[in-house]
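Tertiary structure, described
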Amino acid sequence: MELRINQKTYQVDADADTPLLWVIRDDLGMTGTKYGCGLAQCGACSVLVDGNVVRACVTPVAGVVGREVTTIEAIEADDVGKRVVAAWVEHQVAQCGYCQSGQVMAATALLKHTPKPSDAQIEAAMVNLCRCGTYNAIHAAVHELAAQKGEA
């Protein structure tokens, strides 16, 4: 099947119900997207599909045929994604860093859809788990990005 990932086209030989995560990591070698729980609960596997956050660990690869998938490897090619990564560095969000690719994907999707999110919108969108507890730094980074002038 043909997949469009990070603005490149790939031919993939996988069963239709294979989780997108395994195709991204094992078949295509893009290991920035992490396996966490395998149950779509933690968000470490978050990628963007047509600009929306999805959990790659439970998304069948056949479900993304004909759609645009963005992984952490290409997030800085997007202006909003680049700003999110810069804010993550400035606020020293990452500790162990394992969950951060998913966190960055969630923040990027939020700010692309809602450039000036309210506290409630930030709380609703930033639900990925972080074992290091960097939630305050994550929220500070998103708040700063939401307060910046110009389009997010």
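Residues numbered from 1 in each chain as written. Predicted model: local features only at pLDDT ≥ 70, side-chain atom pairs only at ≥ 80, totals over all residues. Heavy atoms only, no water.

For the protein chain, the name recorded in an unreviewed UniProt entry is (2Fe-2S)-binding protein, with Pseudomonas vanderleydeniana as its organism.

A word on the environment of Val58. Note that Val58 resides in the loop between strand S4 (52-55) and strand S5 (68-70). By relative accessible area, which is 45% here, Val58 ends up partly exposed. For Val58, the residues in contact, after removing those within four places along its chain, are Gly38, Leu39 and Ala40. (Helix = DSSP H or I, 4+ residues; strand = E, 2+ residues; numbered from the N terminus. Buried < 20%, exposed > 50% of the residue type's maximum accessible area, 1.4 Å probe, protein only. Contact = heavy atoms within 4.5 Å.)

This next bit is on a nonpolar patch on the surface. The grouping of Trp22, Tyr35 and Tyr98 at the surface amounts to a nonpolar patch, some 290 Å² of accessible area in total. Among the secondary structure elements, Trp22 is positioned in helix H1 (residues 20-27). The exposure class of Trp22 is partly exposed, given its relative accessible area of 30%. (Patch = residues over 30% accessible without salt bridge, like charges linked within 9 Å, V, L, I, M, F, W, Y side chains within 5 Å. Areas by Shrake-Rupley, 256 points an atom, 1.4 Å probe, with all protein chains shown as cover. Salt bridge = Lys/Arg side-chain N within 4 Å of Asp/Glu carboxyl O.)

What the rule picks out here adds up to 3 salt bridges. Between Glu68 and Arg4 there is a salt bridge, with its nearest N and O atoms 3.3 Å apart. With a gap of 64 residues between them, Glu68 in strand S5 and Arg4 in strand S1 (residues 2-5) connect regions that are remote in the sequence.

We note that Gln7 has phi near 65 degrees; this positive angle belongs to a residue other than glycine. Locating Gln7 in the fold gives a position in the loop between S1 and strand S2 (8-11). Owing to a relative accessible area of 62%, Gln7 belongs among the exposed residues under this scheme. Even without a glycine there, the phi angle at Ala40 is positive, about 65 degrees. Tracing the chain through its elements places Ala40 in the loop between H1 and strand S3 (46-49).

Bringing the packing of helix H2 (residues 79-90) against helix H5 (residues 135-147) into the picture now. Here H2 crosses H5 at 130 degrees, and the two axes come no closer than 9 Å. It follows that H2 is oblique to H5 by the angle criterion. Of the two possible hands of crossing, H2 and H5 adopt the one that is right-handed. On H5, the residues that touch Arg83, Val84, Ala87, Trp88 and Glu90 of H2 are Ile138, Ala141, Val142, Glu144 and Leu145. Looking at the contact of H2 with H5 residue by residue, the class counts come to 7 nonpolar, no polar and 3 charged. (Axes fitted to C-alpha atoms, helices over the stretch in contact; angles between N-to-C directions. Parallel < 35°, antiparallel > 145°, perpendicular 65-115°, else oblique. Left-handed = near helix turned anticlockwise from the far one by under 90°. Nonpolar A, V, L, I, M, F, W, Y, C, P; charged D, E, K, R; others polar.)

Ranked by size, the top nonpolar core spans 23 residues in total, and within it Ile75, Val84, Trp88, Val104 and Met126 carry the most contacts. Those elements that place two or more of their residues in this core are H2, helix H3 (100-113) and H5. Ranked by residues supplied to this core, first place goes to H3 with 7 residues. Residues contacting Ile75, with those up to four places away along its chain left out, are Leu48, Thr70, Gly81, Lys82, Val85, Val104, Met105 and Thr108. Ranked by size, the runner-up nonpolar core spans 17 residues in total, among them Val12, Val23, Ile24 and Cys45. (Core = buried A, V, L, I, M, F, W, Y, C linked by side-chain atoms within 4.5 Å.)

A few words on H3. In this model, H3 (14 residues) spans 20 Å end to end at C-alpha, consistent with the 20 Å of a helix rising 1.5 Å per residue. Taking burial as the measure, the 14 residues of H3 include 12 buried ones, the bulk of the element. Residues of H3 that are buried: Gln100, Ser101, Gly102, Gln103, Val104, Met105, Ala106, Ala107, Thr108, Ala109, Leu110 and Leu111. Contact partners of the buried residues in H3: S3, S4, S5, H2, helix H4 (119-125) and H5. (Expected span 1.5 Å × (residues − 1).)

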